[in-house]
Amino acid sequence: MIAVRPLHRRSATLLLTIFSLLVVPSAFAAGKPGRGAPIDPATNCTQWPTEKTVIALDPGHGGDDSGTGYSYPDGTRVLEKDVVLNIAKLVRDTLVGHGYAVCLTRIDDKTLGNSERGEFANTVGARLFVMIHLNGSTDPAVNHTITFWGKKSKDLAFSRYMLTKLKDLTTQEGDYVGQFANGALLTATMESTLTESAFLTNQDEAPLLKEVDSERRHVIARAIANGIHSYLNP
Ligand SMILES: [Zn+2]
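Keep in mind it's a predicted model, so treat the numbers as computed, not measured. (Residues numbered from 1 in each chain as written. Predicted model: local features only at pLDDT ≥ 70, side-chain atom pairs only at ≥ 80, totals over all residues. Heavy atoms only, no water.)

Remarks on the pairing of strand β4 (residues 101-104)
Strand residues, when the strand is regular, have side chains that alternate between the two faces of the sheet. The side-chain alternation of β4 yields two buried faces, one formed by Ala101 and Cys103 and the other by Val102 and Leu104. Note: strand β1 (residues 54-59) against β4, 4 bridges, orientation parallel. In the sheet register, Leu57 faces β4, and the bridge partner there is Leu104. (Buried < 20%, exposed > 50% of the residue type's maximum accessible area, 1.4 Å probe, protein only. Helix = DSSP H or I, 4+ residues; strand = E, 2+ residues; numbered from the N terminus. Pairing = 2+ DSSP bridges.)

Quick notes on the state of the cysteines
Within the structure shown, the criterion is met by 1 disulfide. Each sulfur in the disulfide pair Cys45 and Cys103 lies 2.1 Å from the other. With the S-S dihedral at roughly 110°, the linkage between Cys45 and Cys103 falls on the right-handed side. Taken together, the residues Cys45 in the loop between α3 (41-44) and β1 and Cys103 in strand β4 connect sequence positions 58 residues apart. As far as the burial class goes, Cys45 and Cys103 line up, both buried. (Disulfide = S-S within 2.5 Å.)

Here we look at the environment of Arg127
By the element assignment, Arg127 lies in the loop between α5 (114-123) and β5 (128-135). With 72 residues separating them in the primary sequence, Arg127 and Ile55 have C-alpha atoms 5.8 Å apart. If sequence neighbours within four positions are ignored, Arg127 has contacts with Thr53, Val54, Met190, Glu191 and Leu232. In this structure the side chain of Arg127 is engaged in a polar contact, spanning 2.9 Å, whose partner is the side chain of Glu191. (Contact = heavy atoms within 4.5 Å. Polar contact = N/O pair within 3.5 Å; in protein donor to acceptor, adjacent residues only side chain to side chain.)

Topic: helix α4 (residues 80-97)
Side chains three or four residues apart in an α-helix point the same way, a direct result of the helix having 3.6 residues per turn. Compared with an ideal rise of 1.5 Å per residue, which puts 18 residues at 26 Å, α4 spans 26 Å between its outermost C-alpha atoms and is within 8% of the ideal. Within the span of α4, buried status applies to Glu80, Lys81, Val83, Val84, Leu85, Asn86, Ile87, Ala88, Leu90, Val91 and Leu95. In the stretch just after α4, Gly99 is the one whose phi turns positive, near 100°. (Expected span 1.5 Å × (residues − 1).)

Quick notes on the coordination of the zinc ion
Distances from the zinc ion to its protein donors, Met1 (N), Met1 (O), His61 (NE2), Glu80 (OE) and His133 (ND1), fall at 2.0 to 2.1 Å. Read N to C, the donor residues that coordinate the zinc ion are spaced as M-x59-H-x18-E-x52-H. Residue Met1 is found in the segment before α1 (7-23), and its partner Glu80 is found in helix α4; the two are separated by 79 residues along the sequence. The partly exposed category is assigned to Met1, whose relative accessible area is 23%. (Donors = N, O, S within 2.8 Å, 3.2 Å for Na, K, Ca; no water.)

Some thoughts on the environment of Thr187
Residue placement: Thr187 occurs in helix α7 (residues 183-187). Spatially, the C-alpha atoms of Thr187 and Phe120 are 9.4 Å apart, while their sequence positions differ by 67 residues. When near neighbours in sequence (up to four residues on either side) are disregarded, Thr187 contacts Ser115, Gly118, Glu119 and Asn122. Here the side chain of Thr187 touches Gly183 through a polar contact of 2.6 Å, landing on its backbone oxygen.

Here it is in structure tokens:
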């Protein structure tokens, strides 16, 4: 899901930023107040440095941003940020088997900014950048597939291609390729796409996605990995 963050959080961030500027000008002079250390390729890539073709994967959300979620009858709540991290690691494993070096923007439950995600893809010299999300809706019947492009000239063809490879994951009408002026898509300089393979909130989908390493998570991961690999090897 790619919903805009709530206004109150933005306001709080703005106030904090103003406070930082007033009280700790030295932190501002050092640049990028409030940001953590840059994402480290040594920990987040399967191989680094590398001569292999690099694929950058971005598991959506993380840390204080959970994305969408689903509450099961037994009281368990499964969050998008956790499911997409699991799926991204499965995509990584398949791509490594195809001979790629794979870099993840996060390998645990970390809070990341959007531009930070795109900057990391640039840092590692990724050939392709794929953001991995699951969609959410208040209507539990909805389930279809979407891919998003940021900059038309670099992302549209790849986003269209990935939709053709992912659309059969869901059976409902409504699949489409859309534009989303997302900071990560706009920052990354290589061909990029944001994938919403299915709706985590769908009543039939959710049970299949509940467990770590479930067959459904593997199926989605294989579709993404095979889409990436076949795009580069037509
Ligand atoms: Zn999302």
